[in-house]
Amino acid sequence: MLCMRYTEIDSPIGPLVLGTAGSALCLIEFGRFADVEPKLQQWSQRWFKTREWRSDHAALRNVEEQLQQYFACDRRTFDVPLDLRGTPFQVKVWEALVRIPYGTVCSYKDIGQAINGVKAVRAVGGANHRNPIPIIVPCHRVIGANGSLVGYGGGLNVKAYLLQTEGCEISSAR
């Protein structure tokens, strides 16, 4: 039976859980494992048909190192393999998110246009909200059409912090 592996790391935005089912990163969750375990079990049951999780820091050391480099402003892109699990539409949105350059923002409408779903702004927002790999799949770079910081799983303060880390002018994104 498949067993999900995870590690916890501390970051400037709080604790993060990193998860894998093999050799690719499939999850970053805000919080401590003990606090989010039921949510992770439900998620892994849906996408991997298992509720089993075990700690394995070595399996995710490269991801941790790249995230530390990112938070130290020493990394602009990530080169960890990703295992994106979601509906075909969600995966299409997440693949578009990865193409948003470091230090820039775009709107939900822009993402809709990028995937030929210009009228799918709400659906894009829903897919953005369900992104299982925040930060590396940079859903924080998506803002409202009016330039406002809207919705983020880690909270708007975390979204603002990530954008500021990347050098985005938050005042122009309001």
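Residues numbered from 1 in each chain as written. Predicted model: local features only at pLDDT ≥ 70, side-chain atom pairs only at ≥ 80, totals over all residues. Heavy atoms only, no water.

Under the annotation held in an unreviewed UniProt entry, the chain carries the name Methylated-DNA--protein-cysteine methyltransferase and is attributed to Paenibacillus xerothermodurans. The UniProt entry for the chain carries the following comment under Sequence similarities (unreviewed entry): "Belongs to the MGMT family." (UniProt positions renumbered as here; feature names shortened; annotations may be inferred.)

Caption draft 1: Main features of the nonpolar core. In this structure, Leu 25, Leu 67, Leu 97, Ile 111, Ile 135 and Ile 136 are the most contacted members of the largest nonpolar core, which totals 37 residues. Contributing elements (two or more residues each) for this core: β2 (16–20), β3 (25–30), α2 (61–71), α3 (88–98), α4 (108–114), α5 (121–129) and α6 (156–165). Sort the elements by how many residues they give to this core and α3 lands first, with five residues. When residues of this core are sorted by domain, at least three fall in each of domain 1 (4–72) and domain 2 (88–166). Ignoring sequence-local partners within four residues, the contact set of Ile 135 consists of Ile 13, Leu 16, Leu 67, Tyr 70, Phe 71, Phe 78, His 140, Tyr 152 and Leu 162. Grouped together as the second largest cluster of nonpolar side chains are 12 residues, Met 4, Leu 27, Val 36 and Phe 48 included. (Core = buried A, V, L, I, M, F, W, Y, C linked by side-chain atoms within 4.5 Å. Buried < 20%, exposed > 50% of the residue type's maximum accessible area, 1.4 Å probe, protein only. Helix = DSSP H or I, 4+ residues; strand = E, 2+ residues; numbered from the N terminus. Domains from an automatic or database assignment. Contact = heavy atoms within 4.5 Å.)

Caption draft 2: Broad picture of the pairing of strand β1 (residues 4–9). For β1, a buried count of five out of six residues is recorded, marking the element as mostly surrounded by other parts of the structure. Relative to strand β4 (residues 53–55), β1 runs parallel, the two being bridged by three bridges. Counted as the bridge partner of Tyr 6 is Ser 55 from β4. With five bridges connecting them, β1 and β2 associate as antiparallel partners. Within β2, the residue paired with Tyr 6 across the bridge is Gly 19. (Pairing = 2+ DSSP bridges.)

Caption draft 3: Representation of the environment of Ile 115. Turning to its location among the elements, Ile 115 is positioned in the loop between α4 and α5. If near-sequence neighbours (up to four positions away) are discounted, Ile 115 is found in contact with Phe 89, Lys 92, Val 93, Ala 96 and Val 124.

Caption draft 4: Spatial organisation of the domain arrangement of the chain. Structurally, the chain comprises domain 1 (4–72) and domain 2 (88–166). A straight line from the C-alpha centre of domain 1 to that of domain 2 covers 21 Å. Between domain 1 and domain 2, the buried area comes to about 1,200 Å², and carbon and sulfur atoms account for 77% of it. At the surface where domain 1 touches domain 2, the tally comes to zero salt bridges. Between the two partners, domain 1 and domain 2, sit two residue pairs in polar contact (both at pLDDT 80 or more). If you tally residues by element for the side of domain 1 that touches domain 2, the top one is β3, at five residues. A per-class count over the side of domain 1 that touches domain 2 returns 14 nonpolar, no polar and no charged. (Buried area = accessible area lost by both parts, 1.4 Å probe. Salt bridge = Lys/Arg side-chain N within 4 Å of Asp/Glu carboxyl O. Polar contact = N/O pair within 3.5 Å; in protein donor to acceptor, adjacent residues only side chain to side chain. Nonpolar A, V, L, I, M, F, W, Y, C, P; charged D, E, K, R; others polar.)

Caption draft 5: Region of interest: the state of the cysteines. Enumeration according to the criterion identifies zero disulfides in this entry. Not part of a disulfide, Cys 73 finds its nearest cysteine sulfur in Cys 168, a span of 11 Å. Using a relative accessible area of 48% as the deciding quantity, one classes Cys 73 as partly exposed. Distance from the sulfur of Cys 106, which forms no disulfide, to the nearest cysteine sulfur (Cys 168) is 11 Å. (Disulfide = S-S within 2.5 Å.)

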